[in-house]
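An overview of the molecular structure
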Amino acid sequence: MGCAISGLAAKAEFGERNTDVAAAVSPSGDQIIMIKESWKVIKDDIAKVGIIMFVRLFETHPECKDVFFLFRDVEDLERLRTSRELRAHGLRVMSFIEKSVARLEQLDRLEALALELGKSHYHYNAPPKYYSYVGAEFICAVQPILKERWTAELEEAWKAMFQYVTSLMRQGYQEESRRQHLLTLSPKERPEKSNTAL
C-alpha cells in the first residue's frame, strides 16, 4: 500500500477528533491556495484517483464494503478496479471534492453542501465513522500524481479540508437521524415546542 496515512494511521489523523462542527476549523487562506493549486493537477486524473481511493479504502477497511451493496461480495480487487459502478461512484465523490475546493472561500455554500451530503448519507445507511477514511485514502491516492509538489504543508492543508468537511457531514447525518427519529414518535411523544411569543 505504501502510504503512511493509510490503515490505522487514518483513524488517528482523521478520526472522530472533531465530533462537533463548532470545533472544526476551516483551512487557512494559505492552505486554501495550496489546495486549489494542487487541485489543478489532480483534476486531470479524477477518474483514476476515484478508483484508487475506493480500492484502497476496501483494502484497508474491508468493513466499508458493507455500505456499498454493489461491492459487498466482491473479493477480487482487479474486478473492482475495472468496475463501471465503482468508477461512477468514485467520480461522484471526486465531483463533491471538486465542489468543496471551489467553495473554500464561500464557507456558507460549502457548509450547506456538506450538511446536505451528510443528511443523504443517513438514507444510504453510511454512518459517519467511514467519512474520515475517504479523506485519508484520497491523500494517499494523490501523492503519486503530485510527485515533487507534495509537501508536508500540502498534506496538512488537505487534512484540514477533509476534517472540516467530514465534521459538517457528521452534523448533517446527526440532524437527519434526529429528524427521522422525531417522525417515528407519536404526537404525544414528540417534544413540545415552547411558545416564545410574549
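Residues numbered from 1 in each chain as written. Predicted model: local features only at pLDDT ≥ 70, side-chain atom pairs only at ≥ 80, totals over all residues. Heavy atoms only, no water.

1. Regarding the overall build of the protein chain
Spelled out, the test is: Counting from the N terminus, the helices are the DSSP runs of H or I reaching at least four residues and the strands are the DSSP runs of E reaching at least two. Note on exposure labels: buried denotes an accessible area under 20% of the residue type's maximum, exposed denotes more than 50%, and partly exposed covers the range between, all computed with a 1.4 Å probe on protein chains only. We call two residues contacting when some pair of their heavy atoms lies within 4.5 Å. Surface exposure here means Shrake-Rupley accessible area, sampled with a 1.4 Å probe, where a residue is shielded only by the protein chains that are shown.
Within the protein chain, the secondary structure is distributed over 8 helices and 0 strands. When its helices and strands are written in sequence order, the protein chain yields α-α-α-α-α-α-α-α. For the protein chain, buried positions account for 46% of its 198 residues. Long-range pairs, those at least 24 residues apart, make up 78% of the contacts in the protein chain between residues at least 6 apart in sequence. Element-wise, carbon and sulfur atoms account for 52% of the exposed surface of the protein chain, whose accessible area totals about 11,200 Å².

2. Things to note about the layout of surface pockets
To keep it simple, the criterion reads: Think of a 1 Å grid over the protein atoms and nothing else: a 1.4 Å probe that fits but is trapped marks a cavity, an open set flanked by protein within 12 Å on at least five of seven lines marks a pocket, and residues with an atom within 4 Å of a point count as lining. Grid points are joined across faces, edges and corners, and a volume is the space filled by probe spheres set on the points.
Roughly 730 Å³ of volume is contained in the largest pocket. Around the largest pocket, the lining comprises 25 residues; the ones closest to its centre are Phe 68, His 89, Val 93, His 121 and Tyr 124. Secondary-structure elements contributing two or more residues to the lining of the largest pocket are helix 3 (46-60), helix 5 (84-102), helix 6 (107-123), helix 7 (131-146) and helix 8 (152-184). For the lining of the largest pocket, the element with the most residues is helix 5, which contributes 6 residues.

3. With respect to the packing of aromatic side chains
Pairs of aromatic rings are described using the distance from one ring centre to the other and the angle between the two planes. Under the convention used in this document: Within 6.5 Å between ring centres, the rings of Phe, Tyr and Trp (the latter by its six-membered ring) count as paired, and their orientation is classed by plane angle as stacked under 30 degrees, edge-to-face over 60, tilted in between.
Evaluated as defined, the whole model comprises 7 aromatic pairs. Ring centres 6.4 Å apart and planes at 50° place the aromatic pair Trp 39 and Trp 158 in the tilted group. With a gap of 119 residues between them, Trp 39 in helix 2 (residues 29-42) and Trp 158 in helix 8 connect regions that are remote in the sequence. Residue Trp 39 is classed as buried on the basis of its relative accessible area, which comes to 5%. Ring centres 4.9 Å apart and planes at 50° place the aromatic pair Phe 138 and Trp 158 in the tilted group. In this pair, Phe 138 sits in helix 7 while Trp 158 sits in helix 8, placing the two residues 20 residues apart along the sequence.

4. Notes on the environment of Leu 113
With respect to the helices, strands and loops of the structure, Leu 113 is situated in helix 6. For Leu 113 and Val 165, which are 52 residues apart along the polypeptide, the C-alpha to C-alpha distance reads 9.2 Å. Ignoring any residue separated from it by four or fewer positions in sequence, one finds Leu 113 in contact with Phe 96, Lys 99, Ser 100 and Arg 103.

5. Here we look at the confidence of the model for the protein chain
Here is the rule: Residue-level confidence of the predictor, termed pLDDT, takes values from 0 up to 100.
Per-residue pLDDT for the protein chain averages 84, and the proportion of residues at 70 or more is 83%. Helix 1 (residues 8-14) is the least confidently modelled element of the protein chain, averaging 46 in pLDDT, while helix 2 averages 97, the highest of any element. In this model residues 6-12 is a low-confidence stretch, pLDDT under 50, and it forms 14 contacts with partners more than four residues away in sequence or in other chains. Scored below 50 in pLDDT, residues 15-19 makes 14 contacts in the model with residues more than four places away or belonging to other chains.

6. Focus: the pattern of salt bridges
To keep it simple, the criterion reads: When a carboxyl oxygen of Asp or Glu lies within 4 Å of a side-chain nitrogen of Lys or Arg, that pair is called a salt bridge.
Counted under the stated rule, the structure contains 7 salt bridges. Lys 36 is the partner of Glu 105 in a salt bridge, and the nearest nitrogen-oxygen pair spans 3.4 Å. Of this pair, Glu 105 sits in the loop between helix 5 and helix 6 while Lys 36 sits in helix 2; the two residues are 69 residues apart in sequence, bridging distant segments of the chain. In this structure, Arg 56 and Glu 137 form a salt bridge, with 2.7 Å as the shortest nitrogen-oxygen distance. A residue pair is termed long-range when its members are at least 10 positions apart, and Arg 56 in helix 3 and Glu 137 in helix 7 qualify at 81 residues. The same class applies to Arg 56 as to Glu 137, namely buried.

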